[in-house]
Amino acid sequence: RFSFTEEQRMSASGLRAALARELPDTAVRAAWADDAPRPSPAWRVLVDMGIVGLTVPEAHGGLGARELDLVLLLEEHGRAAAPDPLLETTGIGAPLLAEVGGADDLLARIASGATLAVALGGARLVADADVADTVIVARPERIVAIAPSALQLTRQRSVDGARRLFSFALPDGAGTVLADGPAARAALADALDRGALGAAAEL
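This write-up is about the structure you can find in this document. Position labels on residues start from 1 in each chain and follow its written sequence. In view of the model being predicted, local features appear only for residues whose pLDDT reaches at least 70, and side-chain atom pairs are presented and counted only at 80 or more, with totals across whole chains, interfaces and linings using the full set of residues. As a rule here, side-chain values cover all heavy atoms of the structure and leave hydrogens and water aside.

1. Details of the environment of Leu 197
Right, on to step 1. Secondary structure elements follow DSSP: runs of H or I no shorter than four residues count as helices, runs of E no shorter than two count as strands, and numbering proceeds from the N terminus. Here Leu 197 shows up in helix 7 (residues 181-202).
Right, on to step 2. Taking the C-alpha atoms as reference points, Leu 197 and Leu 87, separated by 110 residues in sequence, lie 9.7 Å from one another.
Right, on to step 3. Excluding its chain neighbours within four sequence positions, the residues that come into contact with Leu 197 are Glu 67 and Val 71. Contacts: residue pairs with any heavy atoms within 4.5 Å of one another.

2. Points about the side chain of His 77
Right, on to step 1. In this structure, His 77 sits in helix 4 (residues 68-79).
Right, on to step 2. Residue exposure (1.4 Å probe, protein chains only): buried if accessible area is under 20% of the type maximum, exposed if over 50%, otherwise partly exposed. Note on His 77: relative accessible area 1%, which makes it buried.
Right, on to step 3. In contact with His 77, not counting residues within four places along its chain, are Leu 15, Leu 19, Leu 46, Ala 82, Asp 84, Leu 86 and Glu 202.

3. A word on the sheet that holds strand 7 (residues 176-180)
Right, on to step 1. The strand order across the open sheet formed by four strands is 1-3-4-7, and the pairing between neighbours is mixed. Only two strands of the sheet have a single neighbouring strand rather than two, namely strand 1 (116-120) and strand 7. The sheet shows a mean angle of 15 degrees between the axes of neighbouring strands, taken without regard to direction.
Right, on to step 2. Pairing between strands is defined by DSSP: at least two bridges between the two strands are required. Judged from the five bridges that link them, strand 1 and strand 3 (residues 134-138) form a sheet pairing that is parallel. The partner of Ala 117 across the bridge, within strand 3, is Val 135.
Right, on to step 3. As a rule, the C-alpha atoms of each element are fitted with a line to give its axis, helices using only the stretch in contact, and angles between N-to-C directions run from 0 to 180 degrees. Helix-sheet contacts for helix 5 (residues 86-100) involve strand 1, strand 3, strand 4 (142-146) and strand 7, and the interaxial angle to strand 1 is about 75 degrees.

4. A short note on helix 4
Right, on to step 1. Any helix carries an expected span of 1.5 Å times its number of residues minus one. With twelve residues, helix 4 should cover 16 Å at 1.5 Å per step; its first-to-last C-alpha distance of 18 Å lies within 8% of that length.
Right, on to step 2. Looking only at helix 4, the buried set comprises Leu 70, Val 71, Leu 72, Leu 73, Leu 74, Glu 76 and His 77.
Right, on to step 3. In this fold, the buried residues of helix 4 make contact with helix 1 (6-22), helix 3 (42-48), helix 5 and helix 7.
Right, on to step 4. Remark: Ala 81 follows helix 4 within two positions and exhibits a positive phi of approximately 55 degrees.

5. Observations regarding the environment of Val 45
Right, on to step 1. Among the structural elements, Val 45 can be located in helix 3.
Right, on to step 2. The exposure class assigned to Val 45 is buried, which follows from its relative accessible area of 18%.
Right, on to step 3. In this structure the C-alpha to C-alpha distance between Val 45 and Thr 89, which are 44 residues apart in sequence, comes to 15 Å.
Right, on to step 4. The contacts of Val 45, once residues within four sequence positions are left out, are Ala 18 and Glu 22.

6. A word on the pairing of strand 6 (residues 165-169)
Right, on to step 1. Bridge count for strand 2 (residues 125-127) against strand 6 is three bridges, and the pairing is antiparallel. If you follow Leu 125 over to strand 6, its bridge partner there is Ser 167.
Right, on to step 2. In this structure, strand 5 (residues 152-156) lies alongside strand 6, joined through five bridges in antiparallel fashion. Counterpart to Thr 154 in the pairing with strand 6 is Ser 167.

7. Brief notes about the nonpolar core
Right, on to step 1. For our purposes a nonpolar core is just a set of buried Ala, Val, Leu, Ile, Met, Phe, Trp, Tyr and Cys residues, chained together by side-chain atoms within 4.5 Å. Formed by 42 residues in total, the largest nonpolar core has its most connected members in Leu 97, Ile 110, Ile 136 and Ile 143.
Right, on to step 2. For this core, the element with the most residues is helix 5, which contributes six residues.
Right, on to step 3. Beyond its immediate stretch of four places on either side in the chain, Ile 136 contacts Leu 96, Leu 97, Leu 106, Leu 116, Ala 117, Val 118, Ala 119, Ile 143, Val 144, Ala 145 and Leu 178.
Right, on to step 4. Counting 13 residues, the second largest nonpolar core, distinct from the first, contains Val 137, Val 144, Phe 166 and Phe 168.

8. Side note on the pattern of salt bridges
Right, on to step 1. One side-chain nitrogen of Lys or Arg within 4 Å of one carboxyl oxygen of Asp or Glu is enough to make a salt bridge. Counted according to the given criterion, the structure contains 13 salt bridges.
Right, on to step 2. Taking the shortest distance from any N to any O, the salt bridge between Arg 66 and Asp 69 comes out at 3.9 Å.
Right, on to step 3. Across the salt bridge formed by Asp 128 and Arg 163, the nearest N and O atoms sit 2.5 Å from each other. Within this pair, whereas Asp 128 is found in the loop between strand 2 and strand 3, its partner Arg 163 is found in the loop between strand 5 and strand 6, the two being separated by 35 residues in sequence. Each member of the pair, Asp 128 as well as Arg 163, is classed as buried.
Right, on to step 4. Through salt bridges with shared partners, a single ionic network connects Arg 38, Glu 88, Asp 128, Asp 130 and Arg 163.

These figures come from the coordinates and say nothing about function on their own.
Pasting the structure below:
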């Protein structure tokens, strides 16, 4: 069944109204300024609505929802040109952390509003890594969670001035290894699928 439920549609309508109120066009334009607050003030609204923790397991303070429950919400997030890492944090990062295990504290912090930056596969650029609580670097051989301060970040030009883009270098042995070998490859494949779905929804 490919049709959305009435509950999913109502959630999307509620988010549309909230973003129209909290993130008007003027706020989107203002987000391009280097001194703009990041994440935007709308992020706290997403947290309070339970959207940021939507895919976090219930045992860690989230709603334990499926990716399908996020699709219409990501559509509304993209429609509003919201400059926040909802796709990275909720669409990709939280399900990845739940899948590989061993990151209970980080999952709980996401449900409370922590943000993730995510670099998947061979990606050498990562958005908003400078202000993320944690950066997830997922390679076929290893998945690592690392503090932004431990990465060597270099600012790059971004088409979307509200999303800061960085190239990065991951120092050898830095960060916490969440998975490696076959488990890392399987989790990366799932994360890439979620990323494709979420990016399509936002677009």
